[in-house]
Amino acid sequence: MSHFSPTSPKVSVLMSAHNAETTLRRAVESVQNQTMHDIELVVVEPASEDGTGRMLDVASERDIRVVVQHVPACSRETALDLALDRARGDYLLVMDADGWYEPTYVQKLVSLAEKNHSQLVVGGFSAEVVMPRRTVELDCDDEEKVYFLQHDFRSEAWRHFSTGRLAPASAKLFERARAVEVGCRFDSGTGDDHSFSMSYLRDVERVSFGGSGYRVSRALGEKVGVDAADELFGRVEAAYDQIRSLYVDWGFEGDPASMGTLQSRYIEMLSLCVEMACAEGGEAARALVGRMIGGERAQFAASVAQPRDNASRALIGPIKSQNVQMAMVQARLLSMVRRGAPATLTPDAFI
């Protein structure tokens with residue numbers, strides 16, 4: 001059994017905790033109860049209005065492995081950057097305050113990293129996404145796969161992007177020294193932590209997949225309408241740019257599998273944006289849908305994409321013809337059939 005060293009822990013778990021008192025205890029205790037004891041939990045708490053701050057202070061007083069920093073209000077990504085700056089472990093993990101680890105999770109990831117001399121371990125995880133009218137269970141499989149050569153990983157990266165495992169920073173074991181050297185940061189202004197993963201992936205060589213045991217239970221409100229759709233569309237565009245930039249750097253811009261998956265993913269997320277806008281209706285919604293489906297990127301994606309779900313496939317025709325009215329009618333019909341579940345159920349849309 002590994003033992004904790006207060007100056008050089010093996011693993012630093014980074015967390016942002018804001019107004020999380022209903023889920024925080026389970027998250028913290030799941031780290032404390034790991035079979036690998038050589039762990040620190042670095043939590044940044046940005047101006048919570050409930051008991052989150054007090055709960056963290058109590059945990060820190062009782063366990064020197066829990067490091068807490070209280071800061072003014074900021075985004076989750078900014079908080080994670082602050083946690084990163086205080087981390088001291090050889091490895092990094094990112095955890096959400098509404099998530100928890102099974103007892104052997106960290107040990108499994110570290111064992112894979114050391115066994116295969118991997119710079120990155122991509123773990124399996126499951127997510128319970130609670131929506132206003134239904135709950136969806138999402139599982140990322142934990143089948144073990146090892147890439148010892150950089151080219152082999154890059155050639156098959158599209159498979160892992162398509163399952164939603166590769167983009168989020170959660171459920172991944174990073175080498176801290178390498179992340180610092182590369183200059184990885186969480187806050188890129190896109191509203192998610194994917195920029196950290198993308199920076200790390202750019203020159204990574206040895207990658208392992210495997211090790212299940214991270215669970216997330218996430219409640220999503222009825223976040224629909226023109227403003228919400230426009231915000232998500234901005235994130236979709238940023239994600240497209242990030243992945244395409246990665247493929248260009250890798251020399252995979254002309255690879256059919258890699259670029260085809262990127263276009264299909266774009267259409268799937270674009271369909272979700274259209275559906276969100278249509279929930280509000282009106283001239284503003286029509287203008288936004290017209291802008292989203294009339295762009296050069298949307299037109300190209302619709303000409304080559306092969307999305308996995310029926311909702312996205314049904315919107316390809318209206319997108320190609322730039323028929324705003326038909327796109328909105330189709331989106332409303334499909335939303336009714338699915339009882340509020342989004343068209344795209346890839347985990348990285350929620351994690």
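Residues numbered from 1 in each chain as written. Predicted model: local features only at pLDDT ≥ 70, side-chain atom pairs only at ≥ 80, totals over all residues. Heavy atoms only, no water.

Okay, the environment of Val44 next. Among the secondary structure elements, Val44 is positioned in strand 2 (residues 39-46). What Val44 contacts, discounting residues up to four positions off in sequence, is Met15, Ser16, Ala17, Gln69, Val71, Ala79, Leu82 and Ala83. (Helix = DSSP H or I, 4+ residues; strand = E, 2+ residues; numbered from the N terminus. Contact = heavy atoms within 4.5 Å.)

This part takes up the packing of helix 9 (residues 256-278) against helix 12 (residues 310-321). It is the contact of helix 9 with helix 12, at a shortest axis distance of 9 Å, that shows an interaxial angle of 85°. Classified by the angle their axes make, helix 9 and helix 12 are roughly perpendicular. On helix 12, the residues touching Ile267, Glu268, Leu270 and Ser271 of helix 9 are Ala311, Ser312, Leu315, Ile316 and Ile319. When grouped by side-chain class, the residues that make up the contact of helix 9 with helix 12 number six nonpolar, two polar and one charged. (Axes fitted to C-alpha atoms, helices over the stretch in contact; angles between N-to-C directions. Parallel < 35°, antiparallel > 145°, perpendicular 65-115°, else oblique. Nonpolar A, V, L, I, M, F, W, Y, C, P; charged D, E, K, R; others polar.)

Spatially, the eight strands line up as an open sheet ordered 3-2-1-4-10-6-11-9, and their pairing is mixed. Every interior strand has two partners, whereas the edge strands, strand 3 (66-71) and strand 9 (145-147), have only one. Adjacent strand axes in the sheet meet at a mean angle of 20° when their direction is disregarded. Across three bridges, strand 6 (residues 120-122) lies against strand 11 (residues 207-209) in parallel orientation. Bridge pairing in strand 11 links Val122 to Phe209. Across the sheet, helix 3 (residues 76-86) touches strand 1 (11-16), strand 2, strand 3 and strand 4 (91-94), and the angle it forms with strand 1 is around 155°. Across the sheet, helix 5 (residues 150-162) touches strand 9 and strand 11, and the angle it forms with strand 9 is around 140°. (Pairing = 2+ DSSP bridges.)

On to the sheet that holds strand 12 (residues 214-219), then. An order of 5-12-7-8 is seen for the four strands of this open sheet, with the pairing classed as mixed. The two strands at the open ends of the sheet, each matched to only one other strand, are strand 5 (99-101) and strand 8 (135-140). The sheet shows a mean angle of 15° between the axes of neighbouring strands, taken without regard to direction. Across the sheet, helix 1 (residues 24-32) lies against strand 5 and strand 12, angled at about 20° from strand 5, the strand it touches most.

On to the side chain of Glu268, then. With respect to the helices, strands and loops of the structure, Glu268 is situated in helix 9. Look at Glu268 and you get buried, because its relative accessible area is 2%. A distance of 2.7 Å separates the side chain of Glu268 from the side chain of Arg308, its partner in a polar contact. (Buried < 20%, exposed > 50% of the residue type's maximum accessible area, 1.4 Å probe, protein only. Polar contact = N/O pair within 3.5 Å; in protein donor to acceptor, adjacent residues only side chain to side chain.)

In this structure, Leu14, Phe153, Phe161 and Leu201 are the most contacted members of the largest nonpolar core, which totals 71 residues. A per-element tally of this core places helix 9 first, with 12 residues. Beyond its immediate sequence surroundings of up to four residues, Leu14 is in contact with Val42, Leu80, Ala83, Leu84, Ala87, Leu92, Leu93, Val94, Met95 and Phe186. (Core = buried A, V, L, I, M, F, W, Y, C linked by side-chain atoms within 4.5 Å.)

As a further point, take the packing of aromatic side chains. In the structure shown here, the tally under the stated rule is 13 aromatic pairs. Pairing Tyr147 with Phe209 gives two aromatic rings, centres 6.0 Å apart and planes at 80°, and the pair type is edge-to-face. Residue Tyr147 is located in strand 9, and its partner Phe209 is located in strand 11; the two are separated by 62 residues in the primary sequence. Considered together, Tyr147 and Phe209 belong to a single accessibility category, that of buried residues. Joined through ring pairs, the aromatic side chains of Tyr147, Phe153, Phe161, Phe209, Tyr247, Trp250 and Phe252 make up one cluster. Geometry around Trp100 places Arg26 over its ring, the cationic atom sitting 3.7 Å from the centre. Note that Arg178 overlies the ring of Tyr200, its terminal NZ or CZ placed 4.6 Å from the centroid. (Phe/Tyr/Trp six-rings, centres within 6.5 Å; stacked < 30°, edge-to-face > 60°. Lys NZ or Arg CZ within 6 Å of the ring centre and 35° of its normal.)

Bringing the packing of helix 5 against helix 8 (residues 226-250) into the picture now. Between helix 5 and helix 8, the shortest axis-to-axis distance is 11 Å and the interhelical angle comes to 165°. Relative to helix 8, helix 5 is oriented roughly antiparallel. For the element pair helix 5 and helix 8, the recorded crossing hand is left-handed. Taking contact as the criterion, the partners of Phe153, Arg154, Ala157, Trp158 and Phe161 in helix 5 are, on helix 8, Ile243, Leu246, Tyr247 and Trp250. In terms of residue class, the contact of helix 5 with helix 8 is made up of eight nonpolar, no polar and one charged. (Left-handed = near helix turned anticlockwise from the far one by under 90°.)

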